[in-house]
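A structural walkthrough
Listed below are the residues making up each chain.
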Amino acid sequence: MDKNSLQRKRSKLIQQTLFLSLALLLVILLWQTAHWSRQIALENLQQQNQHQLRLFVANLQGELEKYKFLPELLATNSLLINFLQNPNDVKRITDLNRYLETINKVADASDTYLMNAEGWTIAASNWSSERPFVGRNFSYRPYFQEAMKGKLGRYFALGSTSNKRGYYFAYPVKDAGKILGAVVIKIELQGFEESWRELKEEFVVTDPDGVIFISTNNDWRYKSLYPLEKAVINRVQDSRRYGDATIGTLNVTKKDQLTTEAQVVNIGDLRMSDHLMLVKDMPEAGWQVHIFAGLGVVNAQVLRSLLITTIVYIAIVFLIFYFVQRSRRLKERELFEKRAKRILEQRVKERTADLTSANIRLLREIEEHRRTDETLRKTQDELIQAAKMAALGQMSSGINHELNQPLAAIRSYADNARAYLDRDRKDEASWNLEQIAELTERMAKISRQLKVFSRKTTGQLVPVSVQAVIDNALKIVGPQLKDTNTEFHRMHPADEIYVMADMVQLEQVLVNLIANAVHAVEKQSTRWIRLVVEGDSEKATIQIIDNGPGIATENLERIFDPFFTTKSEDRGLGLGLSISYRIVEMMHGTLSASNQNSGGAVFTLKLDLARLTENETHAEALFE
Ligand code: ADP
C-alpha cells in the first residue's frame with residue numbers, strides 16, 4: 001500500500017470517528033435537553049393545574065358550604081319539632097310539607113325532608129311530586145345515622161328514588177336534648193360538574209374508597225382510580241350508594257412522582273395517554289379532588305426544545321467546521337506564501353550570487369582593461385618616442401648638413417680671425433668672430449628644436465597657433481623637401497588660427513603627414529605638396545595634398561591600422577598614421593584620408609578652435 005492511500009484511509013477513519021463523536025454528542029445533548037425541557041414544561045403545567053385545582057376545590061367547597069347550615073337552622077323550627085312529637089297530627093302535615101317546599105325552593109336545593117327516629121320520611125318538599133319521599137325509609141343512609149348520633153351528617157349518593165346524584169346534609173331535630181328525628185337537605189352537583197366540563201383538563205372527585213362520583217368525563221363516573229379489592233367493591237355496591245352502578249376501574253398507574261401532590265400517570269384505558277395528575281384533599285367531606293392534564297403541551301415543548309437544540313447544534317457544528325476549514329485554508333495559504341517567499345529569496349540569493357560573481361569578474365576585467373590600457377598608453381608613448389627617434393634618424397643626414405655647414409664656416413671664420421689678429425687687424429678679426437657668434441646661435445637654435453621634438457609630451461591641450469606648428473614642422477622636414485626637390489605650398493588665412501592641441505604632438509602629426517607625402521611624390525617627375533589651412537566658427541581644417549599615386553582603394557580602410565605599410569622594411573614601420581590618428585583623437589579632433597580626382601592623396605585634419613585670451617600665445621612664446 002502506498003503512502004497516499006494509507007493517508008487517505010487514515011483521514012477517512014478520523015472523519016468517521018469525528019462524525020460518530022458528533023452524533024453521540026448530539027444524542028447526549030438531545031437526551032439532556034428532553035429531560036430538562038420536560039422537567040420545566042411539567043413544572044409549568046403543574047403550576048397551572050395547581051391553580052385550576054385550587055379554584056375547582058374552592059368552588060366545590062363554596063357550593064357545599066352554602067347549604068351546610070340550612071339543616072341546623074331548620075332543626076330549630078318548632079313546626080318540625082311539634083310534628084315529630086305528634087306525628088299523627090294530619091292537620092299539620094300539609095303545612096309542614098308546604099313549608100319544606102318553600103324552603104327548598106328559596107334555598108335552590110334539590111330536596112328537603114324530615115325523617116323520624118326510625119328513618120321514615122314523614123314530610124318532604126316533593127310531597128306533591130310523582131315520586132314523593134314521604135313514607136320511604138332511608139335509615140340505611142349514613143347521613144341519617146350520623147344525624148341520629150347528634151352530628152351533622154353529610155353524604156354523597158345516588159338518590160334511590162330520584163336516581164339523581166346528590167349531596168346530603170342531615171341534622172338532628174332535638175327537643176330537650178332528645179333526638180326526635182333528622183332534617184335533610186339534598187343538593188345536586190350536576191350543574192357544577194357541567195360548568196367545569198368546558199376546560200380541557202379533567203376534574204375528578206373520589207370518595208374515601210377511591211371511587212369517582214364527580215367527573216367532567218362522564219365515562220369515568222363510578223370507576224375507582226386504582227383497582228379495588230373485591231370486598232371493597234362488594235361493600236360499595238351493597239351500600240347502594242351509587243344505585244345499581246357497577247364499580248369499574250380507570251386503572252391509573254403511577255409513572256413518575258413529581259411532588260407529594262403531583263405525579264405523571266398513565267390511564268389504563270387510554271393507551272399511550274400520560275397525564276399529569278394533581279391531588280387535593282377535602283378532609284371535611286372526606287374526598288379527594290384530582291385534576292388530569294394531558295402531556296400534549298409538555299411533549300410539544302420537548303419537541304420544540306429538541307428541534308431548537310438540533311438546529312443550534314448543527315449551526316454551531318457548521319460554524320466550527322467553517323472556521324476550522326477557514327483557518328486551515330488560511331494556514332495553507334500562509335504556508336504556500338512562505339514557501340513561495342523562501343523560493344523567491346533563494347532565487348534572489350542565487351541571482352545575487354551570480355550577479356556578485358559576474359560583478360567580480362567584470363571588475364577584474366575592468367581592472368585588466370585598465371592595465372592593458374595603461375600598458376597600451378605607455379607603449380603608445382614609447383612608440384611615439386620611438387617614431388620620433390626614427391624620424392630623427394632619418395633626418396640625421398639633413399641635420400648633419402645643417403650642423404656641418406656652420407661648423408665649416410666657423411672654422412674658416414676662426415682661421416680668418418686668427419690671421420687677422422696675427423696681422424693685428426682687429427676690426428676684421430672682430431667681424432669674423434661676430435660671424436662665429438651668429439653661427440653658434442643658429443646651431444643652438446637647431447639643437448633646441450630637435451630637443452623640443454624629441455622630448456616627451458605633457459598630453460595637455462592648450463591653445464596653439466597652427467601657423468607656428470607648421471613652421472616648426474617645416475624646420476624638421478625642410479631638409480627632406482629640399483633634398484628630394486619637392487615643391488611645398490602653404491595656404492592659410494592672414495590671421496593666425498589657434499586650436500586646442502599639444503603643440504609637440506601636433507607638430508609630430510604634421511611631420512608624419514608631410515614625410516609620407518614626400519615619400520609618395522618621390523617617383524613623380526614633378527613633385528609638389530600643398531598645405532591648406534581653413535577655419536570656420538568651430539573648427540580649423542588642415543589638408544595635406546600631394547601629387548603622388550594616391551592610396552589604393554582597398555587600403556583606404558586600413559592605412560590607420562598600426563603596422564600597416566606598403567613600404568619596404570627599412571623605409572617604413574607602418575606606425576606613422578596610426579600614431580597620428582591616436583594623437584588627433586586625443587586632441588578631440590579627426591584625421592581622415594581620401595584621394596583627389598586627379599590622383600594624389602588628401603589627408604584632412606580637423607581640430608577644435610581655441611578661445612584665446614591675450615596672453616595665451618603659447619606657441620609663439622616657446623620659440624621666442
Ligand atoms: P609608413 O609610412 O611607415 O608605411 P604610415 O602609417 O605612415 O607608415 O603609412 C602607412 C601607409 O599609408 C603607407 O605605407 C602608404 O602606403 C600609405 N600612405 C601614407 N601616406 C600616403 C600618401 N601621401 N600617398 C599615398 N599613400 C600613402
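Residues numbered from 1 in each chain as written. Predicted model: local features only at pLDDT ≥ 70, side-chain atom pairs only at ≥ 80, totals over all residues. Heavy atoms only, no water.

As a structural note, the neighbourhood of the ligand is formed by 19 residues, with Asn-516, Asp-546, Thr-565, Thr-566 and Lys-567 the closest of them. Between the ligand and the protein, one listed contact pairs an oxygen atom with a side-chain N or O atom of Asn-516 at 2.8 Å. Residue Lys-567 places a side-chain N or O atom 2.6 Å away from an oxygen atom belonging to the ligand. Its free accessible area being 530 Å², the ligand has 91% of it covered by the protein chains. Elements represented by at least two residues in the shell around the ligand include exactly helix H11 (503–521), helix H12 (576–586) and strand S20 (601–608). Residue contributions to the shell around the ligand peak at three residues, all from H11. For the shell around the ligand, the residue count by class is 10 nonpolar, seven polar and two charged. (Near = heavy atom within 4 Å. Polar contact = N/O pair within 3.5 Å; in protein donor to acceptor, adjacent residues only side chain to side chain. Areas by Shrake-Rupley, 256 points an atom, 1.4 Å probe, with all protein chains shown as cover. Helix = DSSP H or I, 4+ residues; strand = E, 2+ residues; numbered from the N terminus. Nonpolar A, V, L, I, M, F, W, Y, C, P; charged D, E, K, R; others polar.)

Position of Asn-104 among the secondary structure elements: in helix H4 (residues 90–107). Assessed through its relative accessible area of 9%, Asn-104 is described here as buried. In this structure Asn-104 touches Ala-109, Ser-110, Asp-111, Thr-112 and Ser-125, once residues within four positions along its chain are discounted. (Buried < 20%, exposed > 50% of the residue type's maximum accessible area, 1.4 Å probe, protein only. Contact = heavy atoms within 4.5 Å.)

In this section: the packing of aromatic side chains. Taken as a whole, this structure holds 19 aromatic pairs when the rule is applied. Aromatic pair Tyr-167 and Trp-287: ring centres 5.1 Å apart, planes at 75°, arrangement edge-to-face. In this pair, Tyr-167 is assigned in strand S4 (residues 165–175) and Trp-287 in strand S13 (residues 287–294), connecting sequence segments 120 residues apart. Pair check on accessibility: Tyr-167 and Trp-287 agree, each one buried. Sitting above the plane of the Trp-528 ring, Arg-530 keeps its charged end 4.2 Å from the centroid. (Phe/Tyr/Trp six-rings, centres within 6.5 Å; stacked < 30°, edge-to-face > 60°. Lys NZ or Arg CZ within 6 Å of the ring centre and 35° of its normal.)

With that settled, the discussion passes to the packing of helix H3 (residues 78–85) against H4. Between H3 and H4, the least distance of the axes is 11 Å, while the angle of their chain directions is 140°. With respect to each other, H3 and H4 are oriented oblique. Considering the relative orientation of H3 and H4, their crossing is left-handed. Taken together, the residues of H4 that come into contact with H3 (itself represented by Leu-79, Leu-80, Asn-82 and Phe-83) are Arg-92, Ile-93, Asp-95, Leu-96 and Tyr-99. Here the contact of H3 with H4 is built from residues that sort into six nonpolar, one polar and two charged. (Axes fitted to C-alpha atoms, helices over the stretch in contact; angles between N-to-C directions. Parallel < 35°, antiparallel > 145°, perpendicular 65-115°, else oblique. Left-handed = near helix turned anticlockwise from the far one by under 90°.)

This paragraph deals with the sheet that holds strand S5 (residues 178–187). If you trace the five strands from one edge of the open sheet to the other, you get S2-S1-S5-S4-S3, paired in antiparallel fashion. In the strand order of this sheet, the two ends are held by strand S2 (121–124) and strand S3 (153–158), each with one partner. Neighbouring strand axes in the sheet, compared pairwise and without regard to direction, differ in orientation by 25° on average. Pairing between strand S1 (residues 111–116) and S5: six bridges, direction antiparallel. When the bridges of S5 are listed, Leu-114 appears paired with Val-183. (Pairing = 2+ DSSP bridges.)

Turning our attention to the pairing of S5. A large share of S5 lies buried, amounting to eight of its 10 residues. As paired elements, S4 and S5 share nine bridges and run antiparallel to each other. Opposite Tyr-168, over in S5, you have Lys-186 as the bridge partner. What sits between the antiparallel neighbours S4 and S5 is a turn of two residues, in which Ala-176 has the positive phi angle 50°.

The values are spatial; any link to function lies outside them.
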